[in-house]
Structures are given as C-alpha cells and as structure tokens.
Amino acid sequence: MKSTGIVRKIDSLGRMVLPSELRANFNIKEGDAVEIFTNNDTIILKKYAPADIFTGEMEDLIEYRGKKVSLNTIKELARIAGLNVTEN
C-alpha cells in the first residue's frame, strides 16, 4: 500500500475531507458514490462502479433485488437451467 503523506482529522459527525488532489487523481466528483472496504486494521475507499455480482462485467447491467447482473450472465444462467436462449 502506498502512503500519500496526507493526514486528515475526523469531525464530530464522523466525516473527513478527501483532498482535491486525490479526488482529481481518482476522478471522484461531487455526488459520486464511494465504496468502503476493510482489511484487518485498514479502511479502503474505492470509487463505486456498479458491476455484475458474478463476473464483474460493467456493461448491459440489470438490477434484480438490489444486485447488478449483466445480460451475459442472465443468458448463461438460463442456459445452465436448461432454457433455450437465443443470441441477439
């Protein structure tokens, strides 16, 4: 993991500011969603990019019960289930 040398304090509401340089480097703009991950004692922030929960594909996504699934995955699951799926 690479250190940026930047230190920020958490305010009374649990907020912190991401420096403009980091936001620019990671193309994070006002209103963008950021995912929060943890790994042992480390907190990881990542710009949110919706992706297929099975393959990670980011195109032709359909939301089903709050999860993203790509059209390709849906077709593959249909084939596995024994349904006749035609390609478009």
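Residues numbered from 1 in each chain as written. Predicted model: local features only at pLDDT ≥ 70, side-chain atom pairs only at ≥ 80, totals over all residues. Heavy atoms only, no water.

The next subject is the overall build of the protein. Regarding its fold elements, the protein presents 2 helices and 4 strands. In sequence order, the protein lays out its α and β elements as α-β-β-β-β-α. Considering only C-alpha atoms, the protein reaches an extent of 55 × 30 × 25 Å along its principal axes. A burial count over the protein gives 10% of its 88 residues as buried. Across the protein, contacts joining residues at least 24 apart in sequence account for 3% of those joining residues at least 6 apart. Of the accessible surface of the protein, which amounts to about 7,900 Å², a share of 54% is contributed by carbon and sulfur atoms. Taking the 13 positively charged and 13 negatively charged side chains of the protein as two groups, their mean positions are separated by 6 Å. (Helix = DSSP H or I, 4+ residues; strand = E, 2+ residues; numbered from the N terminus. Buried < 20%, exposed > 50% of the residue type's maximum accessible area, 1.4 Å probe, protein only. Contact = heavy atoms within 4.5 Å. Areas by Shrake-Rupley, 256 points an atom, 1.4 Å probe, with all protein chains shown as cover. Lys, Arg positive; Asp, Glu negative; His and termini not counted. Charge placed at Lys NZ, Arg CZ, Asp CG, Glu CD.)

This part takes up the pairing of strand β3 (residues 61–64). Note: β3 against strand β4 (residues 67–70), 4 bridges, orientation antiparallel. Residue I62 lies in a different strand from β4, and its bridge partner there is V69. Hairpin remark: β3 followed by β4, antiparallel, with 2 residues in the connecting loop; positive phi at R65, about 50°. (Pairing = 2+ DSSP bridges.)

Attention shifts here to a nonpolar patch on the surface. A cluster of nonpolar side chains, contributed by V34, I36, I43 and L45, occupies part of the molecular surface with about 390 Å² of accessible area. Every element with two or more residues in the nonpolar patch is listed here: β1 (34–39) and β2 (42–47). The class for I43 is exposed, based on a relative accessible area of 64%. (Patch = residues over 30% accessible without salt bridge, like charges linked within 9 Å, V, L, I, M, F, W, Y side chains within 5 Å. Salt bridge = Lys/Arg side-chain N within 4 Å of Asp/Glu carboxyl O.)

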